[in-house]
Every structure is written in C-alpha cells, then in structure tokens.
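# Per-entry structural report
One-letter residues, chain by chain:
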Amino acid sequence: MGIDSNTTIFASNRNAFWLSRSTLEKRLSFFLPAYRADGFSIVTTGLASNASFVNYVRHHRITDLRTGATVDVIEKSIRKILFIPSLESRFYRERNVLWGSVHFKHPICLGVIETPWESLIFTSYVQGRPPRLASIAKIMAPGIAEIENLSSRYLGFSAWWQAPKFWTMDFFRPWYLVRPRFNFERYLHSLVKLARDDNRFADLPRRLLALRPIVRREANRAKNSQRCFCHMDYLRKNFFQSPQGLQMIDWSEFKIGRVGFDGGSYVSAVFRRSDMERFISVRAEFLATYVEVLDPRFDQQQALRNLDYLFLQNSLWYFLRPTTIADYKRRGKLDLLLEKYEYLLALPLISGR
Ligand SMILES: Nc1ncnc2c1ncn2[C@@H]1O[C@H](COP(=O)(O)OP(=O)(O)O)[C@@H](O)[C@H]1O
Ligand SMILES: [Mg+2]
C-alpha cells in the first residue's frame, strides 16, 4: 500500500506518550501506518521559528519510491519545563473543538507524541501567502467569532472531571500573568530614559503608570466573563491565504481566555504596524463586523471591553519594549510613537469608562 493524502487523514489523529523521541522513521510510522523506511525517502528542511520554547519546526517531504506520491508533514518540537506539556500540545489534544469550522481553515493534526522532555506535534503542511493583516479585518472577525462560539460551547459541555485541566490552561493563572507582556510597568524604565533626552515624552511615564489601576479593574471584570479558546498570536506569518481559505497555524500562545481577547490581539497586531489613520479605520471595520457575527449567547458589551483590555495590555507591552523604542528612534519616527502612546492613554476614555 502506498501513501496519499487520504491515507494520511484516515490513518492518523493519534496521541501517545513515549519515553524517548525515538527515530524520525518510528515517529512517522506511528502517524502513517503505510510508511516503511525502505520504501520511502524523506527530505527534511528546517523552518524559521521564534517562540521561546520551540526546539525546532521542520518540514518533511516523504516520497513513496514506488509510486512517486508525496506527503508533506510539519513536525514541531516544544521543550517542556518540569515535564509539563506545552499549551500548544494541550490545545491539539482538544483539537476536535474546531471541527466544523468554516471561516478559518486549520491544518490537520496527525498526532502528538509526548516524551518527558518535549512535545512533538505533527500537522499537515499548508501553502499560501501571508496576508496583510490590515486588509482582512472582515475575514478575521467571523473567524475569531467562530472559534469563540465553538470553543465556549465545548467548554460548557465538557464533563465536570475535566474542569481542573481547563483551570490550569486559563489565561488568569499567575504562571502566565508574570510575563512582561502582562506587566507593562516593567518596561517603563526605557521610556524614562527616552524622556530624559526628549522633552515631549517627559510626562508620559507618570501618565502611563496611572493606567495600572484601570488595567487591573478591567482584568478583574474580564476574569468573570465568558470563557473560550484564544489563539492570541495574530502575526501575519501565522496565517496563509490559500485557495481553501485563510489557514491559521501556531497555537503556541494558546490559552483558555475570554470572549473578545482574540479580537484585541488582532487589533493590537494592526496597531503595531499601521499609521494612526489606517489603524482607526481597520479597527472600526473589524468591530462593525465582529458585533454583527458575535454569537448572541455572549454579552456583547463585555466582549468589547475584554477586547480593549487585551488590546491595551498587548500594546502597552509592545510599545514600551526597549527594542520598539530604539527602533522608532532609529527610524526617526518618534512623532508616531508619541501618537500611539496618546491613543492608548485616551482609550479608557474613548470606551466611555
Ligand atoms: N502547517 C504548516 N504548514 C506550512 N508551514 C508551516 C506550518 N507550520 C509551521 N509552518 C512554518 O514554520 C514557521 C514556524 O512555525 P510556528 O508554528 O509558527 O512556530 P513558532 O511558534 O516558533 O512561531 C511558520 O511561520 C511557518 O512558516
Ligand atoms: Mg509562528
């Protein structure tokens, strides 16, 4: 028997715990029962990865030497700390949740192998062009609303004994919240330094610090709102425009978050890369579509508040990072940086709070 895409689909979708990672041949024959080391050739290419716990991402092209048929597989290896599986591999264990998605397409997960030291995730290879995020607000909104809808139902229907597992994957656990991404004040020192040389920024560290109680208040409100799966990594390289639709990859930032968080994550990605005028129009376009497609089970007001909360957290972190400030300075774009800070400071007022 040879391999083809159908064999791949029907023979796989497995999880296992192994004591060692074993050989690539053994790993492949676990997912592709038709695979035999002597009947196939494998060409492996390393792919660029930038998440901190990712050991590697590899593309394997497997060719059936008899028929010439090929199958392309992606292998992602993620390091464990204290034997704890990564959230990405834990997401893939729940992958059935996205069955039936029509808006975003998701590569097929062939299976996950856990060893004490790493998680090995095998998915199908997808091809396409990374989209310009600002141009696809109308596609993003229904895609995000669909993940929120499907996953919130899934959490709602899960058995009581699964609750502890989901609890550990929750966004609001202290072990996720310690990251600088959710503690923008840790980076204020870089703005203080800039303010010493540039008077326009003089008052900003104090004014930004005053946002802290507002962010805390919004976090507390969000915590008590409706839960769902959140991807939280809306970078253009995590999407591919393909004839089948918009493909989404890379669940390395996955958490059980709250309705609206992914919208905030997308809007903050646009905020990073666009000038103010473009950003404001894309945000408005996204929000108009999002409120239309958001499932009526969700509290719309709270979803929008959650969206702003996550947007604010993400953006404060990004624009206070020393590398971002240095980059704006080098490019002579400090005016734009100032405008971005002013926008973030005004946001709690814009939202009428
Ligand atoms: N299923 C896939 N199909 C095609 N390319 C992929 C796939 N998964 C990953 N890649 C490529 O590998 C890169 C790194 O993988 P990703 O899962 O995004 O890792 P990281 O968490 O390090 O960003 C992606 O930006 C993409 O170019
Ligand atoms: Mg990525």
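Placed above this text is the structure.
Residue numbering note: each chain is counted from 1, following its sequence as written. The lettering of chains begins at A and the numbering of ligands begins at 1, in the order of writing. It should be noted that, the model being predicted, local features are given only for residues of pLDDT at least 70 and side-chain atom pairs only at 80 or more, the latter also being counted only at that level, while totals for whole chains, interfaces and linings use all residues. Side-chain descriptors were evaluated using all non-hydrogen atoms of the structure, hydrogens and water having been removed beforehand.

Right, let's get into the state of the cysteines. Disulfides are covalent bonds that link the sulfur atoms of two cysteine residues. Note on terminology: pairs of cysteine sulfur atoms within 2.5 Å are recorded as disulfides. Tallying each qualifying case throughout the model produces zero disulfides. Just so you know, Cys228 is unpaired, no disulfide at all, and the nearest cysteine sulfur is the one on Cys230, 4.0 Å from it. Partly exposed residues are those whose accessible area sits between 20% and 50% of the maximum for their type, while under 20% is buried and over 50% is exposed, using a 1.4 Å probe and protein chains only. Looking at Cys230, the relative accessible area reads 0%, which means it is buried.

A few words now on the site of ligand 1. Taken together, 20 residues are adjacent to ligand 1, and Ser49, Lys76, Ser124, Val126 and Asp250 come closest. Take Lys237: an N or O atom from its main chain is 3.5 Å from an oxygen atom of ligand 1. Values of accessible area rely on a 1.4 Å probe in the Shrake-Rupley scheme; residue burial ignores everything except the protein chains shown. Its free accessible area being 550 Å², ligand 1 has 89% of it covered by the protein chains. Cavities and pockets were defined on a 1 Å grid built from protein atoms only: a cavity is a group of points that admits a 1.4 Å probe but offers it no way out, a pocket is an open group of points flanked by protein on both sides within 12 Å along at least five of seven lines, and a lining residue is one with an atom within 4 Å of any such point. The rule for placing a molecule in a cavity or pocket is simple: more than half of its atoms must lie within 2 Å of the grid points. Of all the cavities here, the one that holds ligand 1 is the second largest pocket. Labels follow the DSSP assignment, with helices taken as runs of H or I lasting at least four residues and strands as runs of E lasting at least two, numbered in each case from the N terminus. At the level of elements, strand S3 (54-64), strand S4 (70-79) and strand S7 (118-124) are the ones that each hand at least two residues to the shell around ligand 1. Here the term charged refers only to Asp, Glu, Lys and Arg, the term nonpolar to Ala, Val, Leu, Ile, Met, Phe, Trp, Tyr, Cys and Pro, and the term polar to all other amino acids, Gly among them. Here the residues of the shell around ligand 1 sort into 11 nonpolar, six polar and three charged. Throughout, the term near means that a residue has one or more heavy atoms lying within 4 Å of the molecule or strand in question. For the purposes of these results, a polar contact is taken to be a pair of N or O atoms within 3.5 Å, where, inside protein, one atom must be able to donate a hydrogen and its partner to accept one; residues adjacent in sequence count only when each atom of the pair is a side-chain atom.

Another point: helix H12 (residues 300-320). By this rule, a helix spans an expected 1.5 Å times one less than how many residues it contains. Its 21 residues place the ends of H12 30 Å apart at the C-alpha level, agreeing with the 30 Å of an ideal helix rising 1.5 Å per residue. Across the 21 residues that make up H12, a large majority, 18, are buried. N-capping of H12 is provided by Asp299, with a side-chain oxygen placed 3.1 Å from the backbone N of Gln301.

We now examine the nonpolar core. One broad trend across soluble globular proteins is that nonpolar side chains are buried collectively. Remark: nonpolar core denotes a set of buried residues (Ala, Val, Leu, Ile, Met, Phe, Trp, Tyr, Cys) joined through side-chain atoms within 4.5 Å. Core analysis: the largest hydrophobic core is formed by 87 residues, its most contacted members being Met140, Leu191, Phe201, Tyr266, Phe286, Tyr290 and Tyr341. Element by element, the count of residues in this core is highest for H12, at 11 residues. Split by domain, this core shows at least three residues from each of two domains, domain 1 (5-124) and domain 2 (133-350). If sequence neighbours within four positions are ignored, Tyr290 has contacts with Ala141, Ile144, Ala145, Glu148, Val259, Gly260, Ala303, Leu304 and Leu307. Domain ranges listed in this record stem from an automatic or a database domain assignment. Should any heavy atoms of two residues lie within 4.5 Å, those residues are counted as being in contact.

Bringing the coordination of the magnesium ion (ligand 2) into the picture now. Sites may look incomplete, because water is not among the atoms used; the donor set itself consists of N, O and S atoms within 2.8 Å of the metal (3.2 Å for Na, K and Ca). Protein-derived ligands of the magnesium ion (ligand 2) are Asn238 (OD1) and Asp250 (OD), with the metal-ligand distances lying across 2.1 to 2.3 Å. With Asn238 in the loop between strand S8 (227-230) and strand S9 (239-242) and Asp250 in the loop between strand S10 (245-248) and strand S11 (255-258), this pair connects stretches of sequence that are 12 residues apart. In this structure, Asn238 and Asp250 share a single accessibility class: buried.

Below, the discussion takes up the sheet that holds strand S5 (residues 104-105). Two strands make a pair as long as DSSP finds a minimum of two bridges between them. Here we have three strands laid out as an open sheet, ordered S5-S10-S9, and mixed in their pairing. Both outer strands of the open sheet, S5 and S9, are each paired with one neighbouring strand and no more. Direction of pairing for S9 relative to S10: antiparallel, over a ladder of four bridges. Note on S10: the bridge partner recorded for Gln241 is Leu246.

This brings us to the packing of aromatic side chains. In this scheme Phe, Tyr and Trp rings, the latter by its six-membered ring, pair at centre separations within 6.5 Å, and the angle between planes marks the pair as stacked below 30 degrees, edge-to-face above 60, and tilted otherwise. With the rule as written, the count across this model stands at 35 aromatic pairs. Judged by centre distance (6.5 Å) and plane angle (65°), the rings of Tyr154 and Phe166 are edge-to-face. In this pair, Tyr154 is assigned in helix H4 (residues 137-157) and Phe166 in helix H5 (residues 163-168), connecting sequence segments 12 residues apart. Accessibility expressed as a relative area gives 25% for Tyr154, which makes it partly exposed. Pairing Phe311 with Tyr343 gives two aromatic rings, centres 6.2 Å apart and planes at 90°, and the pair type is edge-to-face. Residue Phe311 is found in helix H12, and its partner Tyr343 is found in helix H14 (residues 334-350); the two are separated by 32 residues along the sequence. Residue classification places Phe311 among the buried residues on the basis of a relative accessible area of 1%. Of the residues examined, Tyr343 reaches a relative accessible area of 10% and is grouped as buried. Counting as a charge over the ring demands two things of the Lys NZ or Arg CZ atom: a distance within 6 Å of the ring centre and an angle within 35 degrees of the ring normal. Seen from the ring of Tyr56, Arg58 lies directly overhead, with NZ or CZ sitting 3.5 Å from the centre. Taking the ring centre of Phe298 as reference, the NZ or CZ of Arg297 above it sits at 5.1 Å.

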